[in-house]
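Fold and contact review
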Amino acid sequence: MSIAALSTRKQSLSIVTAGFGQNFVLTTVSTFMLVYLLQYAGISTAGMAVVTLIITAAKITDAILDPVMGGIIDMTRTRWGKLRPYILFSALPVAVLSGLLFSVPDTEEPLKLLYFGICYVLWGLAYTVCDVPFWGLIGSAFTDPTARTKVIGNVRAFGAIALGVSTLGMPWIARFFSFGEETTSQGWSIAAFVTSLFGMTLFLLAFFNTRERQTEAVSTGLSMRQLFSTLVKNTPLLMVLLGSVLGFGRFIVQAGGAVFVVIAYGDEGTFTLVGAAIIAGMVLSSFATPLLLKLVSAKNLVVGSSVVAAGLYLGMYFAGFENLVVILVFIFLTGLTLGIFLVVQATMIADSVDDVERRLGVRNDGISFATLTFVSKIMNALAVLVFGIFIVATGYENGVTITSGMQDTIFASITLVPAISCLISALPFLFYRLGGPRTR
């Protein structure tokens, strides 16, 4: 069945639903894994240092392997296409490994760490196999740039909704499956298996209800060297990647927000409000960005939103953190700019793939969209690293007396650093030369 045989509406609904399921699983692992290891798996402080090293090494490895995975996808040839087979065969491994991460055996700590390390490395590899082709499929399945931008906006919006649903819902689901008054390790294990299987079942809709575009461009039979050569020649894409990495500060609030609210307000529960403010902003702007792109070009929108974001972070710094309501307003507004950035970023990459096909006669969805997941991981890693440097500089650790100087320094890390980062990140986007407003 060709793309024409499937309605755009059906493909769009399937992609957005698949993205929701995938993001629910990702959020569960990234948000609750450390909580599970500390409170339910009995990992010690020294053990958590090992866990941190495992996670850091795995993320760096995953980031490096993303373009390689993209190249493998572009060299794939099957009756289902080059992207969809990886979605089909990665769903179950991701679901099972997600459950296993929350099923650490009750044994000696070295064996616990070995178990976790093996499961996490395998999980990262499996997730790469499912994530890279998913974004490439969006670029391939939707030939009309306007329709594609709308789909990207909806995927980002419902991804943020999945973030909220998982963050708020998973503790209650784990409590339910504990079959008692207190949440248990077994409860988390069952909850993780059930929700991961459900989420990745939704993800399979991206395989069953979409079709890759039919094109005369070369998309298979290419060598890895040829694919990387087309990547290097894709100047618009390189500008997006550079601008994205320089804008890593956008993710610092997510990386260090929970620690900041403990230092500033003495209550980690306050982060629920901060998270809700970010998510609300991201959801609204993700829905609105496709409409904005009908009025202004992607370049002008991402540059303008970056400058506005820098101003908002700077304003938040001068407003101070004493008034929580004011902070939440600023966080919501920065969430709006983050949602715009994430939608336009993916849209620009999709447009650059179309441009390479026109110029070079090569369709390289896989390796091009692999760079999207690559820079996302690099941005997250840099955000964690920079925030960690500020934490070390203040001397903060659990149980120490919190001083006003410590609070001010950490507050600067989630305001001034993002402000500078957003401002600098706008520069490479000025050299992005593709596309104007999407008037169709």
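Everything numeric in this text was worked out from a predicted model, so none of it was measured. (Residues numbered from 1 in each chain as written. Predicted model: local features only at pLDDT ≥ 70, side-chain atom pairs only at ≥ 80, totals over all residues. Heavy atoms only, no water.)

A closer look at the packing of aromatic side chains
For the structure on display, the rule yields 23 aromatic pairs. With centroids separated by 6.4 Å and ring planes inclined at 55°, the aromatic side chains of Y40 and W188 adopt a geometry described as tilted. Taken as a pair, Y40 in the loop between helix 1 (8–39) and helix 2 (45–74) and W188 in helix 6 (residues 185–203) lie far apart in primary sequence, 148 residues in all. Residue class for W188 comes out buried when judged on its relative accessible area of 3%. Seen from their ring centres, W80 and F89 are 6.1 Å apart, and the 45° between their planes marks the pair as tilted. In this structure an aromatic cluster arises from ring pairing among F260, Y265, Y317, F318, F321 and F411. Between the NZ or CZ atom of R84 and the centre of the ring of F207, over which it lies, the distance is 4.5 Å. Positioned above the aromatic ring of F341, the side-chain terminus of R250 is 4.0 Å from the ring centre. (Phe/Tyr/Trp six-rings, centres within 6.5 Å; stacked < 30°, edge-to-face > 60°. Helix = DSSP H or I, 4+ residues; strand = E, 2+ residues; numbered from the N terminus. Buried < 20%, exposed > 50% of the residue type's maximum accessible area, 1.4 Å probe, protein only. Lys NZ or Arg CZ within 6 Å of the ring centre and 35° of its normal.)

Here we look at a nonpolar patch on the surface
Taken together, the side chains of L65, V68, I72, M75, L111, L114, I118, V121, L122, L125 and F228 make up a nonpolar region of the molecular surface, amounting to roughly 850 Å² of accessible area. Per-element tally for the nonpolar patch: the top contributor is helix 4 (residues 109–141), with six residues. Take L114: it is sitting in helix 4. (Patch = residues over 30% accessible without salt bridge, like charges linked within 9 Å, V, L, I, M, F, W, Y side chains within 5 Å. Areas by Shrake-Rupley, 256 points an atom, 1.4 Å probe, with all protein chains shown as cover. Salt bridge = Lys/Arg side-chain N within 4 Å of Asp/Glu carboxyl O.)

Describing the pattern of salt bridges
Going through the model one piece at a time under the given rule, you end up with six salt bridges. Linking R148 and D351 is a salt bridge whose minimum nitrogen-to-oxygen distance equals 2.8 Å. With R148 in helix 5 (residues 145–176) and D351 in helix 13 (residues 324–360), the pair connects residues that are 203 residues apart, well separated along the chain. Classification of R148 by relative accessible area gives buried; the value is 1%. Here the residues in one salt-bridge network are R148, D351 and D354, joined through shared partners.

What about the domain arrangement of the chain?
Here the chain is described as being made up of domain 1 (7–208) and domain 2 (234–428). The distance between the C-alpha centroids of domain 1 and domain 2 comes to 21 Å. Taken residue by residue, the interface counts 34 residues in domain 1 and 29 residues in domain 2. Taking both partners together, domain 1 and domain 2 bury about 2,500 Å²; carbon and sulfur atoms supply 70% of that area. At the junction of domain 1 with domain 2, the criterion picks out three salt bridges. Here K377 makes a salt bridge to D66, at a shortest N to O gap of 3.2 Å. At the level of secondary structure, the elements contributing two or more residues to the side of domain 1 that touches domain 2 comprise helix 2, helix 4 and helix 5. Among the elements that make up the side of domain 1 that touches domain 2, the one with the highest residue count is helix 5 (16 residues). Here the residues of the side of domain 1 that touches domain 2 sort into 15 nonpolar, 11 polar and eight charged. (Domains from an automatic or database assignment. Contact = heavy atoms within 4.5 Å. Buried area = accessible area lost by both parts, 1.4 Å probe. Nonpolar A, V, L, I, M, F, W, Y, C, P; charged D, E, K, R; others polar.)

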